[in-house]
Amino acid sequence: MSSKKLIPNGVVHSDSFRQCGETVQIFEELPVATIVSVSRPDTGDISPMLLSYTIEFQYKQFKWRLLKKASQVLYLHFALKKRAIIEEFHEKQEQVKEWLHSLGIADQTAVVQDDDEPDDGAVPLHHDDSVRNRYVPSRAAFPIIRPALGGQQCISDRAKVVMLGYLNHFLGNMDLVNSREVCKFLEVSQLSFLQEYGPKLKEGYVMVKHLPKFSGANSDVASCAGFCLGCCSNNWQKVWAVLKPGFLALLDDPFDTELLDIIIFNAPPPSNGNGQCENYLASQIKERNPLRYTFWVASGNQNLRLRTTSKAKVKDWITAINDAGLRPHEGCCQPHRFGSFAPPRGLTDDGSQAQWFIDGEAAFEAIASSIDGANSEIFITGWWLCPELYLRRPFSSNSSSRLDALLETKAKQGVQIYILLYKEVSLALKINSLYSKKKLSNIHENVRVMRYPDRFPTGIYLWSHHEKLVIVDYQICYIGGLDLCFGRYDTVEHKLGDCPPAVWPGKDYYNPRESEPNSWEDVMKDELEREKVPRMPWHDVHCALWGPPCRDIARHFVQRWNHAKRNKAPNEQALPLLMPQHHMVIPHYMGKSREIDIEKSKVEENQNGIQGETSYSSLSPLQNIPLLLPQEANGLDPSAQHTHRYPVNPPNGISGSVFFSSLNPKVEALEPDTQMMDDLYSMDLESINSVVQSGLTTSNELSESLEETDHAVAADDGGQTGPRAACKCQVIRSVSQWSAGTSQTEESIHNAYCYLIEKAEHFVYIENQFFISGLSGDEIIQNRILEVLYRRIVLAHKEQKCFRVIVVMPLLPGFQGGVDDYGAATVRAIMHWQYRTISWEKYSILHKLKVLLGAKTHDYISFYGLRTYGKLSEGGPLSTSQVYVHSKVMIVDDRVALIGSSNINDRSLLGSRDSEIGVVIEDKEFLESSMAGQPWKAGKFSYSLRCSLWSEHLGLHAGEINQISDPVSDSTYKYLWLATAKENSIIYQEVFSCIPNDSINSRAALRESMAFWKEKLGQTTIDLGIAPKKLESWENGEYKETDPMERLKQIRGHLVSFPLEFMNQEDLRPVFNESEFYTSPQVFM
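Residues numbered from 1 in each chain as written. Predicted model: local features only at pLDDT ≥ 70, side-chain atom pairs only at ≥ 80, totals over all residues. Heavy atoms only, no water.

On to the overall build of the chain, then. Within the chain one finds 28 helices and 33 strands. Counting the 1085 residues in the chain, one finds 60% classified as buried. A separation of at least 24 residues holds for 75% of the contacts in the chain among residues at least 6 apart in sequence. Carbon and sulfur atoms make up 50% of the accessible area of the chain, which totals about 42300 Å². (Helix = DSSP H or I, 4+ residues; strand = E, 2+ residues; numbered from the N terminus. Buried < 20%, exposed > 50% of the residue type's maximum accessible area, 1.4 Å probe, protein only. Contact = heavy atoms within 4.5 Å. Areas by Shrake-Rupley, 256 points an atom, 1.4 Å probe, with all protein chains shown as cover.)

So this is what it looks like as structure tokens:
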């Protein structure tokens, strides 16, 4: 959350407070104090000034304890008296002014300033009854300093009564309790009681050295003053520090609302060589001057040097900071499963929910509805973002759903919008993020945009920010493979043509295999000839998350935003630092907060069948924030019966450094929170199948269905939207110092893939844009997904058990240029590394498995692509194109799904390269199904997602979904899935002779085929995608011509076999006369 949104509308910032005399209320009701204990250093000393009081305060659901000396209470008393005197004098001064004015005498009276106030700066002056309301009689303080005689217990009891009596003088007065003196004494600020930031922890004034000059209301003045004072004070600045779970924020004073700086806590790096973390977030610094008390706070690439007035205060701050970040089991600085920064959520009913979307139509509709319902904040980040993207189609009747129009509407309503764009290398990519930034920044002042990274200062030239995120009000988050950009909108039909344009306007009619746009100045102007060139259909999977997982992803965005802000725009006032919200919003971690009423978030369920449960309009920021107690995993219901588990032990024989290079081996002691201790829900299989079947009769007409869609998209709407299900969710990511400012590289996506594959019992289904991985011993490719797949298949063969691995991927890389074109070295390089992974050379999985299993290899693992056909226009040519598989999804055993932005290659998985984010979703709601012919509990989320995907790929109709309910049986795998892919491939080859195909093994053969068809047809696409008007054949010695459409009608769905022999006689790596030859191979893998 931005610091600009901390205070409700109508309440002024502290600068206005000082200038105008308007009060800022921290307390809306009176707090309550309890004297817990009284102590003194020497029981023989009767001086009451040496007494120390442990005082517990409670305000609403917040509790905190302070240790105060009697002298501090007296200082508070004198400060209140001083303030009352000044205000009374000012009130009389105003009366004199009025009298002089009445006499016609000009105002010559000087304004009284209190420059000696040690802590609070200028004194706010008031013009009402606040002087009388703030009056505290001196006699109230006398009992505190009156000597006391008697036994220790007697003195303690009397001191408690006396102190509580005095505290009640200001705790019972709303004006006094909101005064700056009392707020400072109580150690409270504008951040203290905002639920979204979690419990109240330690606060107070500290000195900070070399504070960065970030944006602020008085940044110009502060810079000037700071320079002058720095010469004398060695650049130390007094600030108000606010400690919250997960971060330390610095404000100018308790009543200020803008951040001077913030440190978001991350896991410290290991320091003892065995993965155990012994470092701390805060530690003391030994100064040469023994009267200086200094400590460090460090996290990631950030560190602050802070100073207090005593050694005891240093110790208190260090303890509080380390406890806040390191001690709570769910703390962000603890090692979690897969090495993730985020713990598993949904182990209890904490509101964790998920919902899947297949293809752009459904996902964009949901995103548009959520943006429509935004109340406070919207976070967006992506690899590519197009402001002119229409989120609803047809575009002619949905002008208000264009992304820039949606954002403008919300910005004018006061919603704060933060957009983080990937700053590309313009020579390599044509996504023109500079154009997008200018376009978005000009929408409204509430839309703030940054591009990152700057190449020269960071030295990052090869890697990208690849996440695709939309987060609305911290309530709902969208994550997956879809960027908000051109070419991504699609339906389950995957149409090739749109002439005249109705669905894909201008450059949204997109085919990167043919051409990338050369200009973005006129986005409504076509880049491709619609009558001759098909668009490239786009298949993708996206996901919505609610509850704590959404907040984990928002924290990731805030971390990235602040990192970019520090490195790119530290002095730009329009770009504020952000604070992450926290999913725990009650005061105590240590078990004493049971006395607080806890409102658990209620998950909407219907166990008798899956209904349209979802509403994308987000709630207000403070609604639906669950008040949760931290619960240890071993406190879960021991009666849970389901035992299918995904433990965190690394796969046998694979180096632990691949999985937990920086984690404490003792983390296994915490592992009950990672196990699937599920409550089984009794559900009918038909209730899930109905979700899938409904998508098989989708109308080809978009206009009517889209216009009738409201914000509550039903789960069965178009077969593209899944049920909103309560799930266990864990956010995983790939980040490092350059991408997010973390102190260590995180590769939790890689770890999660490997663990889930190794622990799979029956099948692994993968859809991914790339498939580049290495076996053990491969010194070039570092990720080990391929090795884990190989070992799992070998184990299944050894145990003589049925086990399937199905991989769906693009038939060709989605980059410009024909396979044999001079300028297509990137296409060939990616093909080389993918075929090296799959079927070529000794490093491929099929080669190694065939040595061991022979012809049975394809019973265990097989590879596929997607293809479609259609007319480009009425009376136009019949064309085909691959359906570009851009989804990044893995489904295991119909119980676990992994969805995100990460490709299967080193770029996405190693953590130190591209930044990525994903989520592991483990089902909590189950239904009766079958697996390998045996009864099986299938998960509501995972099963419905797989069935919908397979129905689309196989072209199944309503009533046929039961054919794929058992994904590994021979009737499904061999006689339906494999047979459909094979038959479709044969038909496409007969009609189009399209590439890639297994009959072309060399570039020479490819040139020959291209020349033949170009001469015969006169015009074709870059991948031979135009059909002849008639198919020529010989039957019984007679020449015969047939309509190609008659043959194509026999195709079912989009599934085709992946051509494993295509170009297998060529070395497709770049050669010396291609610029890619001088680029690191890491770029392509």
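Contact pair helix 20 (residues 785-799) / helix 22 (residues 845-853): the axes reach a minimum separation of 11 Å and the direction vectors enclose 20°. By the angle between their axes, helix 20 is roughly parallel relative to helix 22. Crossing geometry of helix 20 relative to helix 22 is assigned as right-handed. Side by side, helix 20 and helix 22 meet where Leu786, Leu789, Tyr790, Ile793, Val794 and His797 of the first sit next to Ile845, Lys848, Leu849, Leu852 and Leu853 of the second. (Axes fitted to C-alpha atoms, helices over the stretch in contact; angles between N-to-C directions. Parallel < 35°, antiparallel > 145°, perpendicular 65-115°, else oblique. Left-handed = near helix turned anticlockwise from the far one by under 90°.)

Our focus in this paragraph is the packing of aromatic side chains. This structure, assessed with the given rule, holds 31 aromatic pairs. With 5.0 Å between their ring centres and 90° between their planes, phenylalanine 27 and tyrosine 59 make a pair best called edge-to-face. In this pair, phenylalanine 27 is assigned in the loop between helix 1 (14-20) and strand 1 (32-39) and tyrosine 59 in strand 2 (residues 52-59), connecting sequence segments 32 residues apart. Here the two residues phenylalanine 27 and tyrosine 59 agree in accessibility, since each one is buried. Members of the aromatic cluster, each reached through a chain of ring pairs, are Phe27, Phe57, Tyr59, Phe62, Trp64 and Phe193. When the ring centre of tryptophan 236 is taken as reference, the NZ or CZ atom of arginine 307 above it lies at 3.9 Å. (Phe/Tyr/Trp six-rings, centres within 6.5 Å; stacked < 30°, edge-to-face > 60°. Lys NZ or Arg CZ within 6 Å of the ring centre and 35° of its normal.)

Here the focus is the side chain of aspartate 906. Relative to the helices and strands, aspartate 906 resides in helix 24 (residues 906-909). Buried and without a salt bridge, aspartate 906 has arginine 913 as its closest oppositely charged side chain, separated by 4.2 Å. Within the structure, the side chain of aspartate 906 is placed 2.8 Å from the backbone nitrogen of glutamine 782, a separation counted as a polar contact. Beyond its immediate sequence surroundings of up to four residues, aspartate 906 is in contact with Ile772, Ile780, Ile781, Gln782, Asn783, Arg913 and Met1085. (Lys, Arg positive; Asp, Glu negative; His and termini not counted. Salt bridge = Lys/Arg side-chain N within 4 Å of Asp/Glu carboxyl O. Polar contact = N/O pair within 3.5 Å; in protein donor to acceptor, adjacent residues only side chain to side chain.)

Before going further, it helps to examine the sheet that holds strand 3 (residues 62-69). Taken in spatial order, the 3 strands of this open sheet run 1-2-3, and their pairing is antiparallel. Edge strands, defined here as strands with exactly one partner in the open sheet, are strand 1 and strand 3. Averaged over all neighbouring strand pairs, the angle between strand axes comes to 20°, with direction disregarded. Pairing geometry for strand 1 and strand 2, over 7 bridges, is antiparallel. Residue serine 39 lies in a different strand from strand 2, and its bridge partner there is serine 52. (Pairing = 2+ DSSP bridges.)

What follows is about helix 19 (residues 748-758). Because the α-helix completes a turn every 3.6 residues, residues three or four places apart line up on one side. By the criterion of burial, helix 19 is predominantly enclosed, with 11 of the 11 residues buried. Taken as a whole, helix 19 has its buried residues at Ser748, Ile749, His750, Asn751, Ala752, Tyr753, Cys754, Tyr755, Leu756, Ile757 and Glu758.

Our next topic: the sheet that holds strand 8 (residues 282-285). Reading across from one edge, 7-6-5-4-10-9-8 is the order of the 7 strands in this open sheet, with antiparallel pairing throughout. Strands at the two margins of the open sheet, each flanked by one partner only, are strand 7 (259-264) and strand 8. Adjacent strand axes in the sheet meet at a mean angle of 35°, parallel and antiparallel pairs treated alike. Pairing between strand 6 (residues 247-251) and strand 7: 5 bridges, direction antiparallel. Across the sheet, the residue bridging to leucine 251 is leucine 259, located in strand 7. Where helix 9 (residues 311-326) meets the sheet, its contacts fall on strand 4 (203-209), strand 5 (236-244), strand 6, strand 8, strand 9 (293-299) and strand 10 (302-308), and the angle it forms with strand 9 comes to roughly 15°. The strands touched by helix 14 (residues 548-568) within the sheet are strand 7 and strand 10, with strand 7 carrying the most contacts at an inclination of about 125°.

Glancing now at the nonpolar core. Grouped together as the largest cluster of nonpolar side chains are 81 residues, with contacts concentrated most on Ile921, Phe941 and Leu945. Leucine 945 has contacts with Trp356, Ile358, Val541, Val889, Ile891 and Ile899, leaving out every residue within four places of it along the chain. Ranked by size, the runner-up nonpolar core spans 70 residues in total, among them Phe803, Met809, Tyr860 and Ala1027. (Core = buried A, V, L, I, M, F, W, Y, C linked by side-chain atoms within 4.5 Å.)

As a further point, take the pattern of salt bridges. Counted according to the given criterion, the structure contains 44 salt bridges. One salt bridge connects glutamate 758 with lysine 759, and the closest N-O pair in it is separated by 3.8 Å. The class of glutamate 758 is buried, set by a relative accessible area of 17%. Residue classification places lysine 759 among the partly exposed residues on the basis of a relative accessible area of 27%. The shortest N-O distance in the salt bridge between aspartate 778 and arginine 836 comes to 2.7 Å. Note that aspartate 778 is positioned in the loop between strand 21 (763-767) and helix 20 and arginine 836 in helix 21 (residues 825-838), a separation of 58 residues in sequence.

Turning to its location among the elements, glycine 719 is positioned in the loop between helix 17 (702-707) and strand 19 (725-735). Measuring from C-alpha to C-alpha, the distance between glycine 719 and glutamate 952 comes to 8.9 Å, with 233 residues separating the pair along the chain.

Inspection of every chain in the model, using the stated rule, returns 0 disulfides. Unpaired in this structure, cysteine 477 has its nearest cysteine sulfur neighbour in cysteine 550, at a distance of 5.1 Å. Judged by its relative accessible area of 0%, cysteine 477 falls in the buried class. (Disulfide = S-S within 2.5 Å.)

Attention now goes to the pairing of strand 11 (residues 353-358). Strand 11 sits mainly inside the fold: 6 of its 6 residues count as buried. In strand 11, alternate side chains face the same way, and those of Gln353, Gln355 and Phe357 on one face and Ala354, Trp356 and Ile358 on the other are all buried. Where strand 11 meets strand 18 (residues 541-546), 6 bridges bridge the pair, whose relative direction is antiparallel. If you follow glutamine 355 over to strand 18, its bridge partner there is alanine 544.

Look at helix 25 (residues 940-954) against helix 26 (residues 970-992): their axes get within 10 Å of each other, and the N-to-C directions meet at 50°. If you check the angle between helix 25 and helix 26, you find them oblique. Residues Trp950, His953 and Leu954 of helix 25 pack against Thr972, Leu976, Trp977 and Thr980 of helix 26. In terms of residue class, the contact of helix 25 with helix 26 is built from 4 nonpolar, 3 polar and no charged. (Nonpolar A, V, L, I, M, F, W, Y, C, P; charged D, E, K, R; others polar.)

Moving on to unusual backbone geometry. Omega for the bond connecting tyrosine 452 with proline 453 falls within 30 degrees of zero, at 5°, which places this linkage in the cis form. Within the element layout of this structure, proline 453 appears in the loop between strand 14 (447-452) and helix 13 (455-458). Phi at glutamine 800 takes a positive value of approximately 55°, unusual for a residue other than glycine. Tracing the backbone through its elements, the reader meets glutamine 800 in the loop between helix 20 and strand 22 (804-808). Using a relative accessible area of 73% as the deciding quantity, one classes glutamine 800 as exposed. Even without glycine at this site, leucine 1024 takes up a positive phi of about 55°.

Quick look at the side chain of serine 352 now. Structurally, serine 352 can be placed in the loop between helix 9 and strand 11. Within the structure, serine 352 has its side chain in polar contact with the backbone nitrogen of glycine 346 (distance 3.4 Å). For serine 352, the side chain forms a polar contact with the side chain of aspartate 350, separated by 2.7 Å. Aside from chain neighbours lying at most four places away, what touches serine 352 is Arg345, Gly346, Trp546, Pro548, Pro549, Ala725, Ala726 and Cys727.

Moving on to a nonpolar patch on the surface. Side chains of Val1071, Phe1072, Phe1077 and Tyr1078 sit close together on the surface and give an oily, nonpolar patch of about 470 Å² of accessible area. With respect to the helices and strands, tyrosine 1078 occurs in the segment after strand 33 (1055-1057). Judged by its relative accessible area of 61%, tyrosine 1078 is exposed. (Patch = residues over 30% accessible without salt bridge, like charges linked within 9 Å, V, L, I, M, F, W, Y side chains within 5 Å.)

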